[in-house]
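Residue-level structure breakdown
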Amino acid sequence: MLIFRGLHSTDKTPVALTIGNFDGVHLGHQALLKQLRMAAQLLGLPTAVLVFEPHPREFFTPQEAPVRLTSMREKLEFFATLDVDRVYVCRFNSSFAQMSAVDFIHALHEKLAAKFVLIGDDFRFGNRRSGDIALMEKIGSQQGFKVEVMHRVSHNGVRISSTAVRAALVEGDLRAAQRYLGRPYGISGRVVHGDGLGKQLGFPTANIQLKHNRPPLTGIFVVRVQGDGLPPMQGVASLGVRPTVKQNGKPVLEVHLFDFSGEIYNKHLRVDFLHKLRDEVKYLDLQSLTQQIELDVCNAKQWFIQHD
């Protein structure tokens, strides 16, 4: 998979293109990419995805923007597994935000060599979101590229969307999130050094570096961890601000792996969240915290016995 930075390509090979933020790369996104791949095969074109960094809402209203489900690295990894040939990562800044809808369409054709464009039925683009499907179809016909619309994907009457995934995660409904994603929700990151408290309490943890300070879920979870050539491992994870030991702390993802004592610092691992055990709680002392961790580990192991 080729990755290009910006709204341009050094390779002018015509492409079948789709556009969006693809946060979570959920089943709706996957259906879109499948339809793109089928069209590309019929036309004899490579598939290409145009994504924006940061999310436009993060640029315009950073305090009100939705939490991210996936980092850019995670998106790219998912795109690779879904047979995307090219990804254009466009920096969303003030200059790009001011681009007119007409100029944006021309850029798709002239800079990215788009010969086929697949978009969602709610797609808007250009300065003040002034561009719509009708405009893209009109200019596309003039420029010589075809525009096709992908309609929404639903599950039991609920539209599959990044918003629906976030709502399920906030509620701790990991089964619903998995139905929308087609896989367990997970966070990947590098294992970094922590403060050693888990080891001190008898439950050593792997600290997974978070790319953003606003994770879409918090609490104590049953998890499965894998990556960097390691076999899948069972564990229990804490994702939150650790109120018992920190005041006004930043979110931290700590994972205690069962029956594991290897060296994993600097390894890039993926933590899949399988079941929520409880919310984060502030305890009176470390002894109370240790007793609860023991119970969490027991409950997580019991969950695996019942579900694995």
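Before reading on, note that the structure itself is shown above.
Read on for a plain summary of the structure. (Residues numbered from 1 in each chain as written. Predicted model: local features only at pLDDT ≥ 70, side-chain atom pairs only at ≥ 80, totals over all residues. Heavy atoms only, no water.)

The set of residues buried in helix α3 (residues 72–81) consists of Met 72, Glu 74, Lys 75, Leu 76, Phe 78 and Phe 79. Buried positions along α3 lie against β1 (2–5), α1 (27–43), β3 (47–53), β4 (86–91), β9 (185–192) and β14 (268–278). Just downstream of α3 lies Asp 83, where phi reads positive at about 65 degrees. (Buried < 20%, exposed > 50% of the residue type's maximum accessible area, 1.4 Å probe, protein only. Helix = DSSP H or I, 4+ residues; strand = E, 2+ residues; numbered from the N terminus. Contact = heavy atoms within 4.5 Å.)

Overall, antiparallel pairing links the six strands, which are arranged β9-β10-β13-β12-β11-β14 in a closed barrel. Within the sheet, the average angular offset between the axes of one strand and its neighbour, ignoring direction, is 45 degrees. Judged from the two bridges that link them, β9 and strand β10 (residues 206–208) form a sheet pairing that is antiparallel. Residue pairing across strands places Val 191 opposite Ile 208, the latter belonging to β10. Sitting on the sheet, helix α8 (residues 174–181) is in contact with β9, β11 (219–227) and β14, with an inclination near 135 degrees to β14. Against the sheet, helix α10 (residues 286–307) contacts β11, β12 (230–240), β13 (252–257) and β14, and its axis sits at roughly 95 degrees relative to β14. (Pairing = 2+ DSSP bridges. Axes fitted to C-alpha atoms, helices over the stretch in contact; angles between N-to-C directions.)

As a further point, take the packing of aromatic side chains. For the structure on display, the rule yields 15 aromatic pairs. Between Phe 52 and Phe 96, the aromatic rings sit 5.6 Å apart at their centres with planes inclined by 45 degrees, giving tilted as the arrangement. Separated by 44 residues along the polypeptide, Phe 52 in strand β3 and Phe 96 in helix α4 (residues 94–97) bring together distant segments of the chain. Judged by its relative accessible area of 8%, Phe 52 is buried. Here Phe 96 falls in the buried class, since its relative accessible area comes to 12%. Between Phe 60 and Phe 92 the ring centres are 5.7 Å apart and the planes differ by 75 degrees, which places this aromatic pair in the edge-to-face class. Taken as a pair, Phe 60 in helix α2 (residues 56–60) and Phe 92 in the loop between β4 and α4 lie far apart in primary sequence, 32 residues in all. One aromatic cluster is present, built from ring pairs that chain together Phe 52, Phe 59, Phe 60, Phe 92, Phe 96, Phe 104, Phe 123 and Phe 125. Above the plane of the ring of Phe 78 lies Arg 183, whose end atom (NZ or CZ) is 3.9 Å from the centre. (Phe/Tyr/Trp six-rings, centres within 6.5 Å; stacked < 30°, edge-to-face > 60°. Lys NZ or Arg CZ within 6 Å of the ring centre and 35° of its normal.)

Okay, the sheet that holds strand β6 (residues 146–150) next. For sheets, the rule is that strands pair by backbone hydrogen bonds, running either parallel or antiparallel. Here six strands make up an open sheet; going across it, the order is β1-β4-β3-β2-β5-β6 and the pairing parallel. Each having just a single partner strand, β1 and β6 make up the two edges of the open sheet. The mean angle between the axes of side-by-side strands here comes to 25 degrees, regardless of whether they run parallel or antiparallel. Pairing analysis gives six bridges linking β3 to β4, with the strands arranged parallel. Bridge assignment links Glu 53 to a residue of β4, and that residue is Arg 91.

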